[in-house]
Amino acid sequence: MSLNVAPELLAQAEQGEIPEQDFVATVRESLPYAYDLIATLTGALREGDAEFADNQTPPPSEAERGQLLRALASDAIRGSLERHFGVTLAFMNCHRVAVFRPGTEEGPTYARFTSTRSQILNQSPEFRDC
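Just so it is clear, the model here is predicted, and its values are computed rather than measured.

Parameters at a glance
- Residue numbers run consecutively from 1 along every chain, following the written order of its sequence.
- Where totals are concerned, whole chains, interfaces and linings use all residues; where local detail is concerned, this predicted model gives features only for residues with pLDDT of at least 70, and gives and counts side-chain atom pairs only at 80 or more.
- Side-chain numbers come from the whole structure's heavy atoms, not from hydrogens or water.
- When a carboxyl oxygen of Asp or Glu is within 4 Å of a side-chain nitrogen of Lys or Arg, the pair counts as a salt bridge.
- Counting from the N terminus, the helices are DSSP H or I runs at least four residues long and the strands are E runs at least two residues long.
- To sort residues, take the accessible area from a 1.4 Å probe on protein chains only and compare it with the maximum for the residue type: under 20% means buried, over 50% means exposed, and anything in between is partly exposed.
- When DSSP finds at least two bridges between two strands, those strands are taken to pair.

Draft legend 1. A look at the pattern of salt bridges. Throughout the structure, instances matching the rule amount to three salt bridges. A salt bridge links R83 to E20, with the shortest nitrogen-to-oxygen separation between them at 2.5 Å. Placement of R83 in helix α5 (residues 75–85) and of E20 in helix α2 (residues 20–30) is noted, with a sequence separation of 63 residues between them. A salt bridge links E62 to R65; its shortest N-O distance comes to 3.2 Å. Taken together, the positions of E62 and R65, both in helix α4 (residues 62–73) and three residues apart, correspond to about one turn of that helix. Residue E62 is classed as exposed on the basis of its relative accessible area, which comes to 53%.

Draft legend 2. Highlighting the side chain of T109. Within the secondary structure, T109 sits in helix α6 (residues 108–113). Overall, the relative accessible area of 12% leaves T109 in the buried class.

Draft legend 3. Fine view of the environment of P60. Tracing the backbone through its elements, the reader meets P60 in the loop between β1 (52–54) and α4. Residue classification places P60 among the exposed residues on the basis of a relative accessible area of 66%. In this structure the C-alpha to C-alpha distance between P60 and Y33, which are 27 residues apart in sequence, comes to 9.8 Å.

Draft legend 4. The arrangement of the pairing of strand β3 (residues 96–100) in detail. A large share of β3 lies buried, amounting to five of its five residues. Of the two faces of β3, the one lined by R96, A98 and F100 and the one lined by V97 and V99 are each fully buried. The pairing of β1 with β3 spans three bridges and is classified as antiparallel. Residue pairing in the sheet places A53 in a bridge with V99 of β3. Bridging between strand β2 (residues 88–92) and β3 involves five bridges; their strand directions are antiparallel. In the strand pairing of β3, F91 is matched with V97.

Written as structure tokens, this is what we have:
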């Protein structure tokens, strides 16, 4: 299980929709490394004028790597984090997550970051088992 869902939230979901802020709080508590990394990158993006901010440092352990992979592999989690932080997420290899300013998805920087060429150029033997 990737999220630690409170019994109250589960009961609410069984009855119908849940508030997105409650879902994001569950993500923050369940996947703190992923949440904090995206929060930090969002802060860096807002402080500067670059089109994106990205992480190039591997997670400290496989547990943190797993959190990041779970957060970005789930459409619901990823979409909620994008809306919560007001960014567009892009993901490459095992830990290189980037936050882009909304509206830049059609631009050349986003296209370059998410291209197959960039994916190939950002591979190395140590990423094969991550």
